[in-house]
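Examination of the molecular architecture
These are the residues of each chain, in order.
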Amino acid sequence: MSTVMSILILFILSSLPYFQVAAVVAQTLSSSPFGYQGEWNLLQTSIGISAMHMQLLHNDKIVMFDRTDFGPSKLPLSNGRCRMDPQDTALKIDCTAHSLLYDIHTNTFRPLMVQTDTWCSSGSVLPNGTLVQTGGYNDGDHRIRMFTPCFDQNCDWVEFPSYLSQRRWYATNQLLPDGRIIIVGGRRQFSYEFYPRSPNKNNPPSPIHLSFLQETTDRYENNLYPFVHLLPDGNLFIFANTRSVLFDYKQNRVVKEFPPIPGGDPRNYPSSGSSVLLPLDENKGSNIEAEIMVCGGAPRGSFAGTLKGNFMQTLNNCGRLKVTDANPNWVMEKMPLPRAMGDMLILPNGEVIIINGVGLGTAGWERGRQPVLTPVIFRPSEMDSRLRFRVMLPASRPRLYHSSAVLLRDGRVLVGGSNPHIYYNFTGVLYATDLSLEAFSPPYLSSLLDPVRPTIRYITSYVFEYRVFYYVTFTVTKYASASEVSVRLVSPSFTTHSLGMNQRMVVLKLTAVTHVTGETYYATVVGPSTPEIAPPGYYMLFVVHAGIPSSGSWVQVL
């Protein structure tokens, strides 16, 4: 179980007055085009597969995979291995890989053996760090697959056939406070189930019906990959099509239905907007606010329009819903660029990046046009609505259908994938299959901000009266003030189809910043307070000073 943590942070700072530090940050962000707009770096021209799904693991390696049933990839399996699958619709014997393990530190990768089709599947990481990947297509739709991180070259996928009670294709996963995973929905599946199965239930277990999913389907469904977020009260926020509910999964009942998002346009696949739970701040006391943000998507009728060659403009707005309010209502924000199939990731400083996607059309084979190359960053704390979005440096490579992105521990955003074709197709098409990997460095990684950037040196911890105490030593050259220091936990997301499953940030409660000697200070931080705030598992811990984050360090909440 997750327990209350108290974190003691030791760091080295100078006594530069706050206004001077603030001036350094403001000047850098406004006067330096490089610092203001970020930077793109090509890491690999080809990894051999198109990264449809990504999950960062606590050993700084990333599992990536696409699907097995569209023929050979460009990455051979190692040691003469071949996949034998009589159910595969493309190749019964396939000696190429459709999954790999990417090493961030060395910028290298090795093939992994996935046996059955993982197309449009879902995933979560267990508290012990094992990735549980659920469902897919064809012979993979009832399977789970597990990948446990290792520090040698031997770990690989382990598969468990017929584990799931229903076909889970386009389902969504969420890690729960007790360490279980709830698996919600899927194509024409109006139910949910859990991993692991309860030992007291039938074997195989019966799925649990959820009428809300049936109510929100339509001709083109528009409720696949539902947006699911665990809230501080232990209930789930579930968004499908245009509607959303507060759902008590323990009692299998809808506690509350929220107002529909304004405009009447769907946001889930194939409209393919995206969603995040904005940072949970433990400094606000026992009544922590929870706010959902849903951005982009395609207007109703877009999917049908593409069948006739009509590619409608995608949606240019975001909706924010503070679900902990007594009578919550959506507050709409206008994005600088319309976008569908954009990936939303919470950055270490609490801002939200929206990256990848298209400006016309919708998700699906050949149904997107006008790639949106320009990321934008949303700043939730900015009071002036005109300044909440910042436009970043455009990418050079389009990332359309079946692209993905994850936050790295060093603060970069790793981007890969894009394959809007049924098979790999590199010539004679508008948007060729992309096998490359890139990294986007947000503005806070500008070298001009290094004087105010904290650096974590080491972390120690011990348990006392059910509280976990962390001692985090870090250094920074120029110090602002105690009010400019915060410590944040970020859970890495399982990203696919514009949805970062299990993604969340917790701002830990800061109780004191104390001067030790010279440039050395320590801060005492308490939290997270409950497993509903931070389910058990591995998190990246960041120290943020004057809005500039350190590189993260891995911690495990138990």
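Thresholds, definitions, all that
- The numbering scheme is per chain: residues are counted from 1 as the chain's sequence reads.
- Per-residue local features are limited, in this predicted model, to residues with pLDDT of at least 70; the limit for side-chain atom pairs, both in listing and counting, is 80 or more; totals at the level of whole chains, interfaces and linings are taken over all residues.
- Hydrogens and water molecules were not included; the side-chain quantities draw on all heavy atoms of the structure.
- What counts as a helix is a DSSP run of H or I of at least four residues, what counts as a strand is a run of E of at least two, and both are numbered from the N terminus.
- Think of it in three bands: with a 1.4 Å probe and only protein chains considered, a residue is buried below 20% of the maximum accessible area for its type, exposed above 50%, and partly exposed in between.
- We call two residues in contact whenever any of their non-hydrogen atoms come within 4.5 Å of each other.
- Areas reported here follow the Shrake-Rupley algorithm with a probe of radius 1.4 Å; residue values treat only the protein chains shown as occluding.
- Under the convention used here, Asp and Glu are negative, Lys and Arg are positive, and both His and the chain ends fall outside the count.
- Take a side-chain nitrogen of Lys or Arg and a carboxyl oxygen of Asp or Glu: if they are within 4 Å of each other, that pair is a salt bridge.
- Polar contact is defined as a pair of N or O atoms within 3.5 Å, subject to the rule that within protein one atom must be able to donate a hydrogen and the other to accept it, and that residues adjacent in sequence are counted only when both atoms are side-chain atoms.
- Two cysteine sulfurs form what is called a disulfide whenever their separation falls within 2.5 Å.
- Centres within 6.5 Å make a pair out of two Phe, Tyr or Trp rings, where for Trp the six-membered ring is used; the pair is then stacked when the planes are under 30 degrees apart, edge-to-face when over 60, and tilted otherwise.
- Geometrically, a charge over a ring is one whose NZ (Lys) or CZ (Arg) sits within 6 Å of the ring centre while staying within 35 degrees of the ring normal.
- Whether two strands pair depends on DSSP finding at least two bridges between them.
- To obtain an axis, a line is fitted to C-alpha atoms, over the contacting stretch when the element is a helix, and the angle between two such axes runs from 0 to 180 degrees between their N-to-C directions.

The number of helices and strands found in the protein chain is four helices and 45 strands. Across the 558 residues of the protein chain, 62% fall into the buried class. Intrachain contacts of the protein chain at a sequence separation of at least 6 include 63% that bridge at least 24 residues. When the accessible surface of the protein chain is totalled, it reaches about 20,300 Å², and 53% of it is carbon and sulfur.

Turning our attention to the side chain of Arg488. By the secondary structure assignment, Arg488 is in strand β37 (residues 485-491). Asp281 provides the closest opposite charge to the buried, salt-bridge-free Arg488, at an N-O distance of 6.7 Å. Within polar-contact distance, the side chain of Arg488 engages the side chain of Ser486 at 3.0 Å. Look past the residues within four positions of Arg488 in its chain and what remains in contact with it is Pro348, Asn349, Gly350, Met505, Val506, Val507, Met540, Leu541, Phe542 and Val544.

So, about the state of the cysteines. Tallying each qualifying case throughout the model produces three disulfides. The disulfide that involves Cys82 links it to Cys95, with 1.8 Å between the sulfurs. Between Cys82 and Cys95, the S-S dihedral sits near 90 degrees, and the bridge is therefore right-handed. Within this pair, whereas Cys82 is found in the loop between β4 (61-65) and β5 (83-84), its partner Cys95 is found in the loop between β6 (93-94) and β7 (99-103), the two being separated by 13 residues in sequence. With a sulfur-sulfur separation of 2.1 Å, Cys295 is cross-linked through a disulfide to Cys318. Between Cys295 and Cys318, the S-S dihedral sits near 115 degrees, and the bridge is therefore right-handed. Here Cys295 is found in strand β23 (residues 291-295), whereas its partner Cys318 is found in strand β24 (residues 317-322), with 23 residues between them in sequence.

Moving on, we come to the pattern of salt bridges. Once the charged atoms of two side chains with opposite charge are near each other, the side chains can pair. This structure, assessed with the given rule, holds 27 salt bridges. Arg143 is the partner of Glu159 in a salt bridge, and the nearest nitrogen-oxygen pair spans 3.0 Å. Within this pair, whereas Glu159 is found in strand β12 (residues 158-160), its partner Arg143 is found in the loop between β10 (131-134) and β11 (144-147), the two being separated by 16 residues in sequence. Residues Arg180 and Asp178 are paired through a salt bridge, measuring 2.8 Å at the closest nitrogen-oxygen approach. Relative accessible area serves as the criterion here: at 25%, Arg180 is assigned to the partly exposed category. Taking relative accessible area as the criterion, Asp178 reaches 34% and is therefore assigned partly exposed. Put simply, Arg83, Asp85, Asp88 and Asp94 are held in one network by salt bridges that share partners.

Moving on, we come to the packing of aromatic side chains. Using the criterion set out here, one finds 24 aromatic pairs in the structure. Ring plane angle 85 degrees and centroid distance 5.7 Å describe the contact between Phe65 and Trp157, whose orientation is recorded as edge-to-face. In this pair, Phe65 sits in strand β4 while Trp157 sits in the loop between β11 and β12, placing the two residues 92 residues apart along the sequence. The pair Phe65 / Trp157 is uniform in exposure class, with both members buried. One Lys or Arg, Arg187, reaches over the ring of Trp169 and ends 5.2 Å from the middle of that ring. We note Arg197 situated over the ring of Tyr163; from NZ or CZ to the ring centre the distance is 4.1 Å.

A separate point is the sheet that holds strand β19 (residues 243-248). Consider a sheet: its strands pair through backbone hydrogen bonds, and that pairing is either parallel or antiparallel. Taken together, four strands build an open sheet; the order of strands is β17-β18-β19-β20 and the sheet is antiparallel. Looking at the sheet topology across the chains shown, the edges are occupied by β17 (227-230) and β20 (253-257). Neighbour to neighbour, the strand axes of the sheet diverge by 30 degrees on average, direction disregarded. Relative to strand β18 (residues 236-240), β17 is paired through four bridges, and the arrangement is antiparallel. Paired with Phe227 across the two strands is Phe239, which belongs to β18.

Here the bond from Tyr195 into Pro196 is cis, since omega is -5 degrees, no more than 30 degrees from zero. Mapping Pro196 onto the fold places it in the loop between β15 (191-195) and β16 (208-209). Of note, the amide linkage connecting Tyr269 to Pro270 takes the cis form, showing an omega dihedral of 10 degrees. The residue Pro270 is located in the loop between β20 and β21 (274-277) in this model. Positioned with a positive phi, Asn241 is a non-glycine residue whose angle comes to about 70 degrees. As for its position among the elements, Asn241 is in the loop between β18 and β19. Of note, the phi angle at Ala546 is positive, near 55 degrees, even though the residue is not glycine. Residue placement: Ala546 occurs in the loop between β43 (537-545) and β44 (548-549).

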